[in-house]
Amino acid sequence: MTVADAPAGNWVDRYAPAPIRPYLHLARMDRPIGSWLLLLPCWWSTALAAGAARAPYPDPRLLILFAIGAVAMRGAGCTWNDILDRKIDRMVARTRSRPIASGAISLPAAFAFLALQLLIGLAVLLSLPRFAVITGLASMGVVAIYPLMKRITSVPQAVLGIAFSWGALMGWACVFQSIDDPALLLFAGAVCWVFAYDTIYAHQDREDDAIVGVRSTALLFGQASWLALALCYTATTVFFGLALMGAGAGVIAWIGLGAFAYHLYGQVRRLDIDDGALCLAIFKSNRDAGLILFAGLSLDVITQHLGALWLP
């Protein structure tokens, strides 16, 4: 069965065996953008910490573990969201064909699949240093309550921001066994970034959300969304700049931040909240923005280390 809000011609519908296709749709494996957006703060934090520790490069083992964990936990989050939203999803054209809402996956099967994904995430977490394990576990309450927030607050994106930005603490926690000012500043900037890009995403659904009584910052800000986004993206850039200063980052990291900020400026300039396809495209472009920043941070670590080796 094809899911209405899945990308056309996605690999799940084209290549996955029919029995597991609903589960892959449930975990949003057909839409990897969510995993990227969950992963990027982890990678930023790992690279920022590597620079502060004067390591030769960001730890590849951590980068791989975070990638696996991001896929598993993003899938678990989507599964939990669809379990809680199954009645609402049946009322919205874009979501009524999702696996739980459509009946392609039963509720007991969905809970079993959720447990499997959480076990994978736990296995990754337990592979990290003890302080990082504790830090990661501290996020679970926020992750669990996020799907409920759109029922009780007009700013559920703020809660999502905390959940999706937790990785900004994790890389630093793995390297230093602590959470210091640069990690906290990176986390604060990431929260603002997530708040902004999810507001852009929410504009696709604001009419349906208004009908079914679901709240969002897209409905709250309306035509003033561009101003809210500009303020959030400015705050993101400022917080990230302070994090770079605190970690002793070099020139290439600052160039990466500048390119990242320019990308965010372009998003605000291009935004048309009445064009759902454009909103989705701008939302997805945040993966590229995040990779630009990660590349700047990583190259800065490597070049600073090589420079130190060459100096007499």
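Reference entry: report on the structure contained in this document. (Residues numbered from 1 in each chain as written. Predicted model: local features only at pLDDT ≥ 70, side-chain atom pairs only at ≥ 80, totals over all residues. Heavy atoms only, no water.)

Before going further, it helps to examine the overall build of the chain. Along the backbone of the chain there are 18 helices and zero strands. By the compact-globule yardstick of 20 Å for 312 residues, the chain fits well, its C-alpha radius of gyration being 20 Å. In terms of overall dimensions, the chain has C-alpha extents of about 70 × 45 × 35 Å along its principal axes. Going through the 312 residues of the chain one by one, you find that 52% of them count as buried. Summarising the internal contacts of the chain: among those between residues at least 6 apart in sequence, 74% fall at separations of at least 24. About 13,700 Å² of surface is accessible on the chain, with carbon and sulfur atoms providing 70% of the total. For the chain, the centre of its 22 positive side-chain charges and the centre of its 19 negative side-chain charges are spaced 5 Å apart. (Helix = DSSP H or I, 4+ residues; strand = E, 2+ residues; numbered from the N terminus. Rg over C-alpha atoms; globule rule 2.2 N^0.38 Å. Buried < 20%, exposed > 50% of the residue type's maximum accessible area, 1.4 Å probe, protein only. Contact = heavy atoms within 4.5 Å. Areas by Shrake-Rupley, 256 points an atom, 1.4 Å probe, with all protein chains shown as cover. Lys, Arg positive; Asp, Glu negative; His and termini not counted. Charge placed at Lys NZ, Arg CZ, Asp CG, Glu CD.)

This part takes up the packing of helix α4 (residues 60–84) against helix α9 (residues 140–149). The geometry of α4 relative to α9 is characterised by a closest axis approach of 8 Å and an angle of 40° between their N-to-C directions. Relative to α9, the element α4 is oriented oblique. Seen from above, α4 lies across α9 with right-handed handedness. Along the contact surface, α4 presents Met73, Trp80, Asn81 and Leu84, while α9 presents Met140, Val143, Ala144, Pro147 and Leu148. When grouped by side-chain class, the residues that make up the contact of α4 with α9 number eight nonpolar, one polar and no charged. (Axes fitted to C-alpha atoms, helices over the stretch in contact; angles between N-to-C directions. Parallel < 35°, antiparallel > 145°, perpendicular 65-115°, else oblique. Left-handed = near helix turned anticlockwise from the far one by under 90°. Nonpolar A, V, L, I, M, F, W, Y, C, P; charged D, E, K, R; others polar.)

Contact pair helix α3 (residues 33–52) / helix α10 (residues 156–165): the axes reach a minimum separation of 8 Å and the direction vectors enclose 65°. Judged by the angle between their axes, α3 and α10 are roughly perpendicular. From α3, Gly34, Leu37, Leu38 and Pro41 reach across to α10, where they touch Ala163, Phe164 and Ser165. Counted by class, the contact of α3 with α10 contains five nonpolar, two polar and no charged residues.

Another point: the state of the cysteines. Summed over the entire model, instances satisfying the criterion amount to zero disulfides. Free cysteine: Cys42, not disulfide-bonded; nearest cysteine sulfur from Cys174 at 8.9 Å. The buried category is assigned to Cys42, whose relative accessible area is 9%. Here Cys174 falls in the buried class, since its relative accessible area comes to 8%. (Disulfide = S-S within 2.5 Å.)

What follows covers the nonpolar core. Judged by nonpolar contacts, the single largest core of 68 residues is most densely connected at Trp44, Phe66, Leu128, Trp193 and Phe260. Residues in contact with Trp44, not counting those within four places in the same chain, are Leu186, Ala190, Trp193, Phe240, Phe260, Gly290, Leu293, Phe294 and Leu297. If you look at the next biggest cluster of nonpolar residues, it comprises ten residues, including Ala76, Ile105, Ala110 and Leu114. (Core = buried A, V, L, I, M, F, W, Y, C linked by side-chain atoms within 4.5 Å.)

The next thing to look at is the environment of Thr2. Counting through the fold element by element, Thr2 comes out in the segment before α1 (11–15). According to the relative accessible area criterion, Thr2 is exposed, its value standing at 56%. The spatial distance from the C-alpha of Thr2 to the C-alpha of Val251 is 48 Å, given a sequence separation of 249 residues. Thr2 has contacts with Asp13 and Ser97, leaving out every residue within four places of it along the chain.

For residues besides glycine, phi is generally negative; the peptide bonds are generally trans as well. Although it is not a glycine, Arg54 adopts a positive phi angle of roughly 60°. Topologically, Arg54 is positioned in the loop between α3 and α4. Taking relative accessible area as the criterion, Arg54 reaches 49% and is therefore assigned partly exposed.

The end-to-end C-alpha distance of helix α7 (residues 107–125), which contains 19 residues, comes to 27 Å, matching closely the 27 Å that a straight helix rising 1.5 Å per residue would cover. Within the span of α7, buried status applies to Ala109, Ala110, Phe113, Leu114, Gln117, Gly121, Val124 and Leu125. Down the axis of α7, the buried side of the element spans an arc of 165°, and every buried residue falls inside it. Of the residues in α7, the exposed ones pointing more than 90 degrees away from the buried face are Pro108 and Leu119. (Expected span 1.5 Å × (residues − 1). Arc of directions from axis to C-beta.)

To continue, consider a nonpolar patch on the surface. Residues Tyr57, Leu299, Ile302, Leu306, Leu309 and Trp310 make up a contiguous nonpolar surface patch of roughly 660 Å² in combined accessible area. Mapping Trp310 onto the fold places it in helix α18 (residues 286–310). Looking at Trp310, the relative accessible area reads 70%, which means it is exposed. (Patch = residues over 30% accessible without salt bridge, like charges linked within 9 Å, V, L, I, M, F, W, Y side chains within 5 Å. Salt bridge = Lys/Arg side-chain N within 4 Å of Asp/Glu carboxyl O.)

This brings us to the side chain of Asn10. Here Asn10 lies in the segment before α1. Classification of Asn10 by relative accessible area gives buried; the value is 6%. Once residues lying within four places of it in the same chain are set aside, the contact partners of Asn10 are His25 and Asp30.

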